[in-house]
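So the chains spell out like this:
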Amino acid sequence: MDREKLFKDAQDIIIKCDNDRVEEVAKLALSEGIEPLEMINEGFRVGITKMGDLFERGEVFLPELIQSAEVMKKATDILMESLPKGIDTKRGTVVIGTVQGDIHDIGKILVVTMLQANSFEVFDLGHDVETEMFIEKAKETNADIIGTSSLLTTTMKYQKELEDELKKSGLKGKFKTIVGGAPVTQRWADRIGADAYAENASTAVREVQSLMGS
Amino acid sequence: MQKYATRMGDGFRVELTEDEIKQDIEEGTNDASEKGKIEPLSKDAQNRLLEIFKCPDKSVGVERGSEVILSYDSGTTKFKRANVSVSKIQSLQIYERLIGADTLELAHIDYSFKPVKPIVVFEQPILEQALLMTIPPLFYGAMPNLGLYSQPDGPCENPADLLPKGKISEARESYEKQIEYAVKDMVYVGGQMYEAGADGINFDTTGAAGDAEFLAALKAVEILREKYPAMCIQMGMAGEFVLGMHGELYYDDTRLAGLYTHGQLELAQKAGVTIFGPTVNIVTGKSLPWNITRAVTFTKACTDIATIPIHACMGMGVGGVPLTLSPPVDALTRASKAMVEITRLDGL
Ligand code: B12
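Here the structure is a predicted model, which means the values were calculated and not measured.

Rules behind the numbers
- Residues numbered from 1 in each chain as written.
- Chains lettered and ligands numbered in written order.
- Predicted model: local features only at pLDDT ≥ 70, side-chain atom pairs only at ≥ 80, totals over all residues.
- Heavy atoms only, no water.
- Near = heavy atom within 4 Å.
- Polar contact = N/O pair within 3.5 Å; in protein donor to acceptor, adjacent residues only side chain to side chain.
- Helix = DSSP H or I, 4+ residues; strand = E, 2+ residues; numbered from the N terminus.
- Nonpolar A, V, L, I, M, F, W, Y, C, P; charged D, E, K, R; others polar.
- Contact = heavy atoms within 4.5 Å.
- Buried area = accessible area lost by both parts, 1.4 Å probe.
- Salt bridge = Lys/Arg side-chain N within 4 Å of Asp/Glu carboxyl O.
- Buried < 20%, exposed > 50% of the residue type's maximum accessible area, 1.4 Å probe, protein only.
- Phe/Tyr/Trp six-rings, centres within 6.5 Å; stacked < 30°, edge-to-face > 60°.
- Lys NZ or Arg CZ within 6 Å of the ring centre and 35° of its normal.

1. Focus on the site of the ligand
Here is step 1 of the chain: The immediate surroundings of the ligand are formed by 36 residues, with A:I103, A:H104, A:S149, B:A238 and B:M316 found nearest.
Here is step 2 of the chain: Each of chains A and B places residues next to the ligand.
Here is step 3 of the chain: At 3.1 Å from a nitrogen atom of the ligand is found a side-chain nitrogen or oxygen belonging to B:R81.
Here is step 4 of the chain: The element best represented in the shell around the ligand is helix 5 (residues 106-117) of chain A, accounting for four residues.
Here is step 5 of the chain: Its residues assigned to classes, the shell around the ligand shows 17 nonpolar, 14 polar and five charged.

2. Quick word on the interface of chain B and chain A
Here is step 1 of the chain: If you look at the interface, chain B gives 28 residues, while chain A gives 21 residues.
Here is step 2 of the chain: Summed over both partners, the interface of chain B with chain A comes to about 2,000 Å²; 67% of that surface belongs to carbon and sulfur atoms.
Here is step 3 of the chain: Our count for the contact surface shared by chain B and chain A stands at two salt bridges.
Here is step 4 of the chain: A salt bridge links B:R255 to A:E64, with the shortest nitrogen-to-oxygen separation between them at 3.9 Å.

3. Observations regarding the pattern of salt bridges
Proximity of charged atoms lets side chains of opposite charge pair with each other.
Here is step 1 of the chain: The full count for this structure, using the stated rule, is 30 salt bridges over all chains.
Here is step 2 of the chain: Among the salt bridges present, the one from A:K5 reaches A:D9, with a minimum N-O distance of 3.1 Å. Note that A:K5 and A:D9 are positioned in helix 1 (residues 3-15) at a spacing of four residues, about one turn of the helix.
Here is step 3 of the chain: Across the pair B:D330 and B:R7 runs a salt bridge whose closest N-O atoms are separated by 2.8 Å. On the criterion of sequence distance, the pair formed by B:D330 in helix 12 (residues 329-343) and B:R7 in strand 1 (residues 3-7) is long-range, its members being 323 residues apart.
Here is step 4 of the chain: Taking relative accessible area as the criterion, B:R7 reaches 9% and is therefore assigned buried.
Here is step 5 of the chain: Each of B:D31, B:K35, B:E240 and B:R294 takes part in a single network of salt bridges with overlapping partners.

4. Considering the packing of aromatic side chains
Residues and elements named next belong to chain B.
Here is step 1 of the chain: Using the criterion set out here, one finds six aromatic pairs over all chains in the structure.
Here is step 2 of the chain: Relative to F203, the ring of F113 has its centre 5.2 Å away and its plane inclined at 40°; by these criteria the two rings are tilted. Here F113, found in helix 5 (residues 113-116), pairs with F203, found in strand 5 (residues 200-206); they are 90 residues apart in sequence, far enough to count as distant. One exposure class covers both F113 and F203, and it is buried.
Here is step 3 of the chain: The structure contains a cluster of three or more aromatic residues connected by ring pairs, namely Y72, F79 and Y95.
Here is step 4 of the chain: Stacked on the ring of Y149, the Lys or Arg K114 has its end atom at 5.4 Å from the ring centre.
Here is step 5 of the chain: Between the NZ or CZ atom of K177 and the centre of the ring of Y181, over which it lies, the distance is 5.7 Å.

These figures capture arrangement, not role.
Laid out in structure tokens, this is it:
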């Protein structure tokens, strides 16, 4: 069986949210000797990235994106199971939430969905989350990254508070930070000393990946 | 090379050359055109915008005779939010006599239809008194705010909990149930305030929770229109694009998810809205020439087809105005002038 054809099938399965065929194609890839990680990266993940882009352009909607994310999860589970036990397959752990005083969470849900679909373990603390809570959860879960969402110019200051608290407690390098939300910009991220900023859910995945690499 | 002072979408001051402004104008209109599948602005209109951005004056205005109506939403909550201690009626009088508002809006500080329901009988006498003390048309306004009908604020399961778990059909059912509750509240409050004398009802920030909320508002408008044929109904939107949180909701065969400004307007008109407020979001990482041009392009797609007055939503983070705590006057006046002169709308 042609590898390229399998990769293409994998992409289509994600884009069409095709829950019925995912198992068959994932298993076929394994029986053809394709490396699980390669099948994910070249096949299924390309599909979910496309879904993210289609979502940003308003061509698909939240339920479809979530269904694709579910199919993606099934595919990754099947492929990862074939790896020898003990290999850590998750790409990183992210604690995320909307900052104190802010109840906007639609955008954050999208970011969570896309990160989960890309094999990150995500602890979503919800909205109106106090700075202390982010740090506690990050410690408890030994997280790599803390992500904060702020949709109000009046609550952005809590993203700075997080940076200040991390510095104060000597945890600044331990947990990387990423900020987002409509009023937030790269300039704001630089000003407060956050490690990354992303404008939307697809770029959030890219930024989180590069934080993990750095 | 000469540079012109302008800003980014987050209000940050920058200076751009004429060529950079031109390029941002072109990219802004093309972005709206591609996303909304609408016509980009003509070269003439783009040149007009260039002049507005090159003008060295701090604030700009429209030519005499081109003035438009200034309507204000959430009227009686804004001074309170700025910690100015005035009563609701005093707020309305300030809008009328000091700010030059052409329409007024009475509103409850908890600005959604649901929390107004239990206090409607307290709002009615204030409205009656306000009517006796002010002259411009007086609206009663609130947000449909569908979020209040799901847990922890309401009876339905919260789609924000269900969706990430992949429980899509449950989330959809919850939205459908929320629509029923919300329609009842909007019809009740709208009807009660109209019967107490309001000149109109304003559905503010419609669609904030996505397609289900837009559908609820359209249904409520339909019922109110039928019951009160002469009622003025204003609908201000939450964004340029209806978020597909449910994804499969239709109004008269039109799928609501993904509708851009002009598509929203068509349905609002059909349902019986009499003043429509298109809303275009700001992109904080892009310049004002880019953002204002984009907002104007989306709004023009409405004015080109509207059979009802268009009052564009302009303010922090919408309509080309930067997302800041208080809008800078250079940006606000440029966005307003651009809207009025290029889209020929009826009000702001
Ligand atoms: C929906 C909405 C609401 C809903 C929220 C429902 C919910 N469950 O989220 C309701 C009606 C409850 C609401 C309430 C209020 N709102 Co509101 N709301 C909006 C609205 C219309 C859309 C926001 C949205 O969901 N966008 C869609 C999502 C997909 O985009 P997004 O959030 O930007 O997320 C994307 C990116 O930013 C990024 N991202 C987001 N988070 C993160 C996090 C990380 C880590 C990363 C990397 C990336 C990232 O990725 C996302 C996906 O692409 C905006 C206006 C607008 N059109 O933008 C106003 C807006 C944000 N609200 C505003 C205001 C003022 C309020 C209220 C104070 C109004 C009031 N009088 O009650 C209250 C505040 C309540 C509170 N304490 O938080 C203002 C803010 C102005 C300012 N100066 O800050 C806005 C701009 C509207 C306006 N001009 O008045 N609101």
